[in-house]
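# Descriptive structure summary
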Amino acid sequence: MVGFTDIDPFILSLLDGKFHVSENALEIAILIASGSNNLLKAGYTVALSRNPALFGSAAWLAATFLLSLGYIALFLR
């Protein structure tokens, strides 16, 4: 849940070196955390915005989540 809402502590704890994981797993975890954080920001934008012009920005944020998942699926197996 930490990686979904605030990714900085999550990423810093991964890069601290206390966990024994491969570089590939680190890359995947960071991409998923950043993508899900963008998805959360898109949700905030849709839920809290009173300006429909911002929905394009929310769509782009949601698209970056899908792009990060697609990148993981294609290149980081």
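Residues numbered from 1 in each chain as written. Predicted model: local features only at pLDDT ≥ 70, side-chain atom pairs only at ≥ 80, totals over all residues. Heavy atoms only, no water.

## Points about the environment of R50
Rule in force here: Only runs of H or I of at least four residues qualify as helices and only runs of E of at least two qualify as strands under DSSP, and these elements are numbered from the N terminus.
Along the chain, R50 falls in the loop between α3 (23-48) and α4 (55-75). Taking the C-alpha atoms as reference points, R50 and W60, 10 residues apart in sequence, are found 18 Å from one another.

## Observations regarding the packing of α3 against α4
Defined as follows: For helices, the fitted axis covers only the stretch in contact; all axes are lines through C-alpha atoms, and the angles between them, taken along N-to-C directions, range from 0 to 180 degrees. Any angle that falls under 35 degrees is termed roughly parallel, while one over 145 is termed roughly antiparallel, one within 65 to 115 roughly perpendicular, and all others oblique. By convention, the crossing between two helices is left-handed when the near helix turns anticlockwise from the far helix through less than a right angle, and right-handed when the turn is clockwise. Contacts were defined at the residue level, with two residues in contact if any of their heavy atoms lie within 4.5 Å. Classification convention: Asp, Glu, Lys, Arg as charged; Ala, Val, Leu, Ile, Met, Phe, Trp, Tyr, Cys, Pro as nonpolar; all other residues, Gly among them, as polar.
Look at α3 against α4: their axes get within 8 Å of each other, and the N-to-C directions meet at 160°. Classified by the angle between their axes, α3 and α4 sit roughly antiparallel to one another. In this structure, α3 crosses over α4, and the sense of that crossing is left-handed. Facing I28, L31, I32, G35, S36, N38, L39, K41, A42, T45 and V46 of α3, the residues of α4 in contact are F55, A58, L61, A62, T64, F65, S68, L69, Y71 and I72. Grouping the constituent residues of the contact of α3 with α4 by class yields 14 nonpolar, six polar and one charged.

## Concerning α4
Basically, it comes down to this: Each residue after the first adds 1.5 Å to the expected span of a helix. We call a residue buried when its accessible area falls under 20% of the maximum for its residue type, exposed when it is over 50%, and partly exposed in between, using a 1.4 Å probe and counting protein chains only. The arc in question is traced by the directions running from the helix axis to the C-beta atoms.
Taking 1.5 Å per residue, 21 residues should reach 30 Å; α4 reaches 30 Å between its end C-alpha atoms and fits that length. Among the residues of α4, A58, T64, F65, S68 and I72 are the ones counted as buried. Down the axis of α4, the smallest arc covering the buried residues is 110°, so these residues share one side. For α4, the exposed residues lying more than 90 degrees away from the buried face are W60, L66, L67, L74 and F75. In this structure, the buried side of α4 is in contact with α3.

## Considerations on the packing of aromatic side chains
Put simply, the rule reads: We call Phe, Tyr and Trp rings a pair once their centres come within 6.5 Å, taking the six-membered ring for Trp, and we label the pair stacked below 30 degrees between planes, edge-to-face above 60, and tilted otherwise.
For the structure shown, the criterion picks out one aromatic pair. Aromatic pair Y71 and F75: ring centres 5.1 Å apart, planes at 45°, arrangement tilted. You can see Y71 and its partner F75 sitting in helix α4, four residues apart, about one turn around the helix. Residue classification places Y71 among the partly exposed residues on the basis of a relative accessible area of 41%.

## Describing helix α2 (residues 7-15)
For α2, the complete set of buried residues consists of I7, I11 and L14. Considered in projection along α2, the buried side chains sweep an arc of 60° and stay on one side of the axis. Following α2 by one or two positions, G17 has its phi on the positive side, about 95°.

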